[in-house]
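Summary of the model geometry
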Amino acid sequence: MNYKISDKFKNLKPSAIREIFKSLGAPGAISFAAGNPNPDSFPVSDMRRIADEIFSNESVAALQYGITEGYTPLRKLVSERLKRVYNIGGPEDDLIIVTGGQQGIELTCKVMCNEGDVVLCEDPSFIGALNAFRSLGAKLVGVPLEEDGIDLAALEAALKANPRAKFLYTIPTFQNPAGITTSLEKRRAVLALAKKYDILILEDNPYGDLRFTGEDVPTYKSMDDEGRVLYCGSFSKVLSAGMRIGFLCADKDIISKIVVAKQVEDVHTNNFFQMICAKYIEQCDLEAHIAEIREMYRKKAGLMISALEKYMPEGVSFTRPEGGIFLWCSLPEGLSLDEFVARAGEKNVFVVPGTAFSPDPEAPNHSFRLNYSMPTDEEIDRGIKILADIARDMID
Ligand SMILES: Cc1ncc(COP(=O)(O)O)c(C=O)c1O
C-alpha cells in the first residue's frame, strides 16, 4: 500500500532517544542516553500494599470511568503541595491531572495554537515537547540557552520578529537536556518581556523537586500575578514514570478548554494510578522519599562531574547541574558530533547528540546530553573515560 500520511506527520521523525534505546540490548552497553529515573526510586512495596488496598476496598472507583479533570483527592493533594512547596495556585487557577507532563505540554499547544503559530523555546530543549509542537503544526523558534538561562537579547529579538508567537516553552529548573537553571534575575526579565510582548509562558518543571545543591529559585508561576504562566509538573521523576501522572495548573479559563481537549484524547488519566498516587501522598512520606532520590542523584552527578574533570581533554566543556538528571557536554567547535556519537556507539557507550534537542536539527551542533540517573557508579567512570579517549583522539 502507498499510505498517504498526513502533512503534519509525514516528516516527523521518531524520537532519537527511543531509537537509541533499540541499541542498548548489547551486553556491556553503557547508556548515558536515557532520561529514565533510577528504578531504585520506585516505592514498590508501598505501592503494592496500596494497590491491594484499592482492589480490596475501592475496586469500582479504580475500574470505572472517571472524570476528565482527574481523581478529586489527587487534584486536592497536588494543589495543596504546589501551594506549600512552590507557592503556586491563586484564586483564578485550576488544576487538571494529565497523562504525564507530556500530555500537559501537548494539550497546551493544541488549545492555544493555530497552525503556523510560533512557539518559542529554548535551544536546546526537550524533544518530547518539540515533537508535540511540530505534530500540531506550530512553528518552532529556538532561543539559545546561556549558563544562567535563556539569552534575553535573543529572546527579545525573537519576540519582535515573531508577532504571532503564542507562548514561550521553558524548562527553567535543571533543564532537559542542558541541566541549566535559569537565574532569578533572568526569570524576572523573561516575565517582563512576556508581558511587554503579550505572550504566555508554559513552564515545564518535572525536575524541580530534585535539587541536590544550591538554593531554590522561585518558579515563574509563583511570580505571575496575571494568569500569564501555565505550569506543568509530573510524578514521573519522583514516584514512577510508568504511572503516567502529571498535572497542569493554569487560569481556569485555559484549564476548561484543556479539559475538552483531553476528553477527545483519552477521556481521563488512568484512575487506578491516580488513586495509587493520591494514597501514596496521603499515607507515606513523599518529601522523605524525594530527599532520598536527591541524595542518590547528588552522588551520581558528583561522580560524573569528577570523571569528566579527570578524563576529558582540554576544549571539552560541560555544565554542572544543581539538580535533575542530565548534564550537557560540548566538544570543541569543528569536531564532528556524528563521528563522535558513532565511535562511542561502537565502543558500546550511548549518548544523545545535541541535534535531537534542537528546534532546528539541521543547524550545526557539537554538544551531547549525558544522563547520570541510570548508569551504575562503575559505568559512569568507565563510560566517561571511553568518551574522553574518543574526544582526545579526535582532537589530536
Ligand atoms: C522537560 C520534560 N518535560 C516533560 C517530560 C514528560 O514527562 P512525563 O510525561 O513522564 O511526565 C519530560 C520527560 O522526560 C521532560 O524531560
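Cut-offs used in this document
- Residues numbered from 1 in each chain as written.
- Predicted model: local features only at pLDDT ≥ 70, side-chain atom pairs only at ≥ 80, totals over all residues.
- Heavy atoms only, no water.
- Near = heavy atom within 4 Å.
- Polar contact = N/O pair within 3.5 Å; in protein donor to acceptor, adjacent residues only side chain to side chain.
- Areas by Shrake-Rupley, 256 points an atom, 1.4 Å probe, with all protein chains shown as cover.
- Helix = DSSP H or I, 4+ residues; strand = E, 2+ residues; numbered from the N terminus.
- Domains from an automatic or database assignment.
- Contact = heavy atoms within 4.5 Å.
- Buried area = accessible area lost by both parts, 1.4 Å probe.
- Salt bridge = Lys/Arg side-chain N within 4 Å of Asp/Glu carboxyl O.
- Pairing = 2+ DSSP bridges.
- Axes fitted to C-alpha atoms, helices over the stretch in contact; angles between N-to-C directions.
- Core = buried A, V, L, I, M, F, W, Y, C linked by side-chain atoms within 4.5 Å.
- Buried < 20%, exposed > 50% of the residue type's maximum accessible area, 1.4 Å probe, protein only.

**Concerning the site of the ligand**
Taken together, the neighbourhood of the ligand is formed by 14 residues, with Gly101, Asp204, Tyr207, Ser234 and Ser236 sitting nearest. Measuring from an oxygen atom of the ligand, one finds a backbone N or O atom of Gln102 at 2.9 Å. For the ligand, an oxygen atom lies 2.9 Å from a polar atom in the side chain of Lys237. Protein burial of the ligand: of its 390 Å² of free accessible surface, 92% is covered by the chains. It is helix α6 (residues 100–112) that provides the largest number of residues to the shell around the ligand, a total of four residues.

**Overview of the domain arrangement of the protein**
Structurally, the protein comprises domain 1 (12–42 + 288–395) and domain 2 (44–283). Distance from the C-alpha centre of domain 1 to the C-alpha centre of domain 2: 25 Å. Across the contact, 32 residues belong to domain 1 and 35 residues belong to domain 2. Carbon and sulfur atoms make up 64% of the surface buried where domain 1 meets domain 2, a total of about 2800 Å² over both sides. Along the contact surface separating domain 1 from domain 2 lie one salt bridge. Scanning the region where domain 1 abuts domain 2 turns up 13 residue pairs in polar contact (both at pLDDT 80 or more).

**Let's talk about the sheet that holds strand β13 (residues 352–353)**
The strand order β10-β11-β14-β13 describes an open sheet built from four strands, whose pairing is antiparallel. Looking at the sheet topology across the chains shown, the edges are occupied by β10 (317–318) and β13. Its contacts with the sheet put helix α13 (residues 286–311) on β10, β11 (326–330) and β14 (367–371), and the angle it makes with β11 is roughly 15 degrees.

**Observations regarding the nonpolar core**
Counting residues in hydrophobic clusters, the biggest one holds 72 residues, and the most contacted among them are Phe32, Phe235, Leu370, Ile384 and Leu387. Of all the elements, α13 adds the most residues to this core, at eleven residues. Taken domain by domain, the makeup of this core includes at least three residues from each of domain 1 (12–42 + 288–395) and domain 2 (44–283). Setting aside residues up to four positions removed in sequence, Phe235 forms contacts with Val78, Ser240, Met243, Ile245, Phe247, Cys277, Ile281 and Leu286. Within the second largest apolar cluster, 28 residues are counted, among which are Cys109, Cys113, Val119 and Ile171.

**Brief notes about the pattern of salt bridges**
A side chain of one charge can pair with a side chain of the opposite charge if their charged atoms are brought near each other. What the rule picks out here adds up to 29 salt bridges. Glu287 is the partner of Arg81 in a salt bridge, and the nearest nitrogen-oxygen pair spans 2.7 Å. Separated by 206 residues along the polypeptide, Arg81 in helix α5 (residues 72–86) and Glu287 in helix α13 bring together distant segments of the chain. Overall, the relative accessible area of 11% leaves Arg81 in the buried class.

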